[in-house]
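Close look at the chain arrangement
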Amino acid sequence: VQLQASGGGSVQAGGSLRLSCAASGSVFSINAMGWYRQAPGKQRELVAAITSGGRTNYVDSVKGRFTISRDNAKNTVYLQMNSLKPEDTAVYYCNARVSRRGLPYDYWGQGTLVTVSS
């Protein structure tokens, strides 16, 4: 599985950005896709994820502001980020989880930087 992320950039607080992540290769094996982020000096954290069945989950800090969605025909996952805050500043990574011999295995896209200024 290969993941190509795009859509990062700089925005002022209160603004919006949309991240996209296009999957290619063995996409039939993907169980879930999501977005993680890593801010300077912090650990990588899950921001939002969506399963192949469409179930979603979000970290509490983005609930009500971010929306994850997927276009199965395009094998693409989106993260719509609204009401952005400076604390959302981070490198965002696209993730795809598959099962290998019954165990989870993660693929990662290249990071895309989101900078929110106050």
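Residues numbered from 1 in each chain as written. Predicted model: local features only at pLDDT ≥ 70, side-chain atom pairs only at ≥ 80, totals over all residues. Heavy atoms only, no water.

Spatial strand order, β1-β3-β8-β7: 4 strands in an open sheet with antiparallel pairing. Looking at strand neighbours, the two that pair on one side only are β1 (2–6) and β7 (66–71), the edges of this open sheet. Ignoring which end each strand starts from, the neighbouring axes of this sheet average 15° apart. Bridge analysis of β1 against strand β3 (residues 17–24) gives 5 bridges, and the strand direction is antiparallel. Bridge pairing in β3 places Leu3 opposite Ala23. (Pairing = 2+ DSSP bridges. Helix = DSSP H or I, 4+ residues; strand = E, 2+ residues; numbered from the N terminus. Axes fitted to C-alpha atoms, helices over the stretch in contact; angles between N-to-C directions.)

Glancing now at the state of the cysteines. Per the counting criterion, the structure on display carries 1 disulfide. Each sulfur in the disulfide pair Cys21 and Cys94 lies 1.9 Å from the other. One quick way to see it: the torsion about the S-S bond of Cys21 and Cys94 is about -85°, and its sign makes the bridge left-handed. Taken as a pair, Cys21 in strand β3 and Cys94 in strand β9 (residues 90–100) lie far apart in primary sequence, 73 residues in all. Of the two residues, Cys21 and Cys94, neither departs from the other in class, the shared state being buried. (Disulfide = S-S within 2.5 Å. Buried < 20%, exposed > 50% of the residue type's maximum accessible area, 1.4 Å probe, protein only.)

Buried residues dominate strand β4 (residues 30–38), accounting for 7 of its 9 residues. Bridge analysis of β4 against β9 gives 8 bridges, and the strand direction is antiparallel. Looking across to β9, one finds that Ile30 is bridged to Val98. Across 6 bridges, β4 lies against strand β5 (residues 45–51) in antiparallel orientation. The partner of Tyr36 across the bridge, within β5, is Leu46. Counting the residues that bridge the hairpin from β4 to β5 gives 6 residues, and of these Gly41 lies at a positive phi of roughly 80°.

Of note, Ser20 is situated in strand β3. Look at Ser20 and you get buried, because its relative accessible area is 15%. Here Ser20 is in contact with Gln4, Ala5, Ser6, Trp35, Thr76, Val77 and Tyr78, once residues within four sequence places are set aside. (Contact = heavy atoms within 4.5 Å.)

Its location among the elements puts Gln80 in strand β8 (residues 76–81). Taking C-alpha positions, Gln80 is 15 Å from Ala90, a pair spaced 10 residues apart along the chain. Not counting residues up to four positions away in its chain, the partners in contact with Gln80 are Ser16, Leu17, Arg18, Arg65, Phe66 and Thr67. Of note is the side chain of Gln80, whose polar atom sits 2.9 Å from the side chain of Asn82. (Polar contact = N/O pair within 3.5 Å; in protein donor to acceptor, adjacent residues only side chain to side chain.)

All quantities given are derived from atomic positions and should not be read as evidence of function.
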